[in-house]
Structure formats: structure tokens, C-alpha cells
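Chain residues, written in single-letter form:
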Amino acid sequence: MTELKNILVAVDFNDAVGELLGYAEGLAEKFGAKVWVVHVAEPDADFVGMEPGPQYIRDFKAEDLREVHRNLQSICNTFLGEEIEHEALLIQGSTVETVLEEAQKLKSDLLIVGTHKYSFLHNLLQERVSLKLLKKASIPVLTVPIEED
């Protein structure tokens, strides 16, 4: 089996984040790997060619992103043991492309993502982020089924 040094976990703050980090923790313990937990936020308005708006809007958005990052760090500290080296990353951009770019930049050996269980027809009509990552990734991808309520 290939040695794992960097494990990237892509999260979207759903109820399965603990389960995803549980898999990451188990593998990190076994291989002595670092766990990178990444959440991709929407890009800034000026990044996508729209007017950024007044300064108070930008300030509000910046504070919102800081709060999301604090939550992400808290989740990491809650679900990953102190002995596991880990880091939380909040990055703005297009989800699939950003996760893949980050995986390459961090020299990730494994990507862990959650997959929602939908009907065949639903999956046929709308390709999900996890499926796109699975198709485009150049590293192994561990997909963890997420139970729907």
C-alpha cells in the first residue's frame, strides 16, 4: 500500500463531517499523515466579474468568512485527536477546481469526500461535486456515503 503523508478532507458543514474526519483520523494514525480539512466558499463578487459593492458589504463578507474559518477550526479540534497533525483551510473559488488545485498544492496522497445517496434518475440529471471530484482527481478518492434524513 502507498504511504500516506497528506490527507485532504473536503467538507461542506453537513452532519457527516464527523464521519469524514473519523476516516481521516484512522488513516492519519496508521500512516502518521497530516490531515488538511478544506471548505470552499463562494468566490468574491469582483472575482466573478460583478461589482464588489460598498465597503460595508465587503467588511460583512470578510467577517462572515472569518467566522466560517473559526467554525472549521473548531470542527477539526472536536473530531481530530490532539496527536493528529491537522490544519483547517477556508478557500474561495469554484468547488471542484479549488479542491483539486489545493490537493495538488499540498501534495495530497488521498482525498476524502462525502457522497449523498440519490435516486438513479436524480444522479443522471445532476452530477454532484463528489462525482466530479472522483472523475477529475489524479489521486485516490475515498467516498463516504452520507445518510439522508
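Now for a look at the structure at hand. (Residues numbered from 1 in each chain as written. Predicted model: local features only at pLDDT ≥ 70, side-chain atom pairs only at ≥ 80, totals over all residues. Heavy atoms only, no water.)

### Some thoughts on the overall build of the protein chain
Move 1: Of regular secondary structure, the protein chain possesses five helices and five strands.
Move 2: For the protein chain, long-range pairs separated by at least 24 residues make up 79% of all intrachain contacts whose partners lie at least 6 apart in sequence.
Move 3: Surface exposure of the protein chain reaches about 9300 Å², of which carbon and sulfur atoms provide 52%. (Helix = DSSP H or I, 4+ residues; strand = E, 2+ residues; numbered from the N terminus. Contact = heavy atoms within 4.5 Å. Areas by Shrake-Rupley, 256 points an atom, 1.4 Å probe, with all protein chains shown as cover.)

### As for helix 3 (residues 95-105)
Move 1: For helix 3, the full list of buried residues reads Val96, Thr98, Val99, Glu102 and Ala103.
Move 2: Within two residues after helix 3, Lys107 carries a phi angle of roughly 55°, on the positive side. (Buried < 20%, exposed > 50% of the residue type's maximum accessible area, 1.4 Å probe, protein only.)

### What to know about the side chain of Glu102
Move 1: Residue placement: Glu102 occurs in helix 3.
Move 2: A residue is classified by how much of its surface remains accessible, and Glu102, at 8% relative accessible area, is buried.

### Focus: the packing of helix 3 against helix 5 (residues 129-136)
Move 1: Close contact between helix 3 and helix 5 brings their axes to 10 Å; oriented N to C, the two are set at 45°. Viewed along their axes, helix 3 and helix 5 adopt a mutual orientation that is oblique. The element helix 3 and its partner helix 5 pack so that their crossing is right-handed. Contact with helix 3, carried on its side by Thr95, Val96, Glu97, Val99 and Leu100, involves Val129, Lys132, Leu133 and Lys136 of helix 5 and no other residues of that element. (Axes fitted to C-alpha atoms, helices over the stretch in contact; angles between N-to-C directions. Parallel < 35°, antiparallel > 145°, perpendicular 65-115°, else oblique. Left-handed = near helix turned anticlockwise from the far one by under 90°.)

### A few points about helix 1 (residues 17-31)
Move 1: Between its terminal C-alpha atoms helix 1 stretches 21 Å, which fits the 21 Å expected from 15 residues at 1.5 Å a residue.
Move 2: Among the residues of helix 1, Val17, Gly18, Leu20, Leu21, Ala24, Glu25, Ala28 and Phe31 are the ones counted as buried. For helix 1, the buried positions fall inside an angular range of 155° around the axis, keeping them on one side.
Move 3: Gly32, located one to two residues past helix 1, shows a positive phi value of around 70°. (Expected span 1.5 Å × (residues − 1). Arc of directions from axis to C-beta.)

### Observations regarding the side chain of Lys34
Move 1: By secondary structure assignment, the location of Lys34 is in strand 2 (residues 34-41).
Move 2: For Lys34, a relative accessible area of 14% corresponds to the buried category.
Move 3: At 3.2 Å, the side chain of Lys34 forms a polar contact with the side chain of Glu87.
Move 4: Beyond its immediate sequence surroundings of up to four residues, Lys34 is in contact with Lys5, Asn6, Ile7, Glu85, His86 and Glu87. (Polar contact = N/O pair within 3.5 Å; in protein donor to acceptor, adjacent residues only side chain to side chain.)

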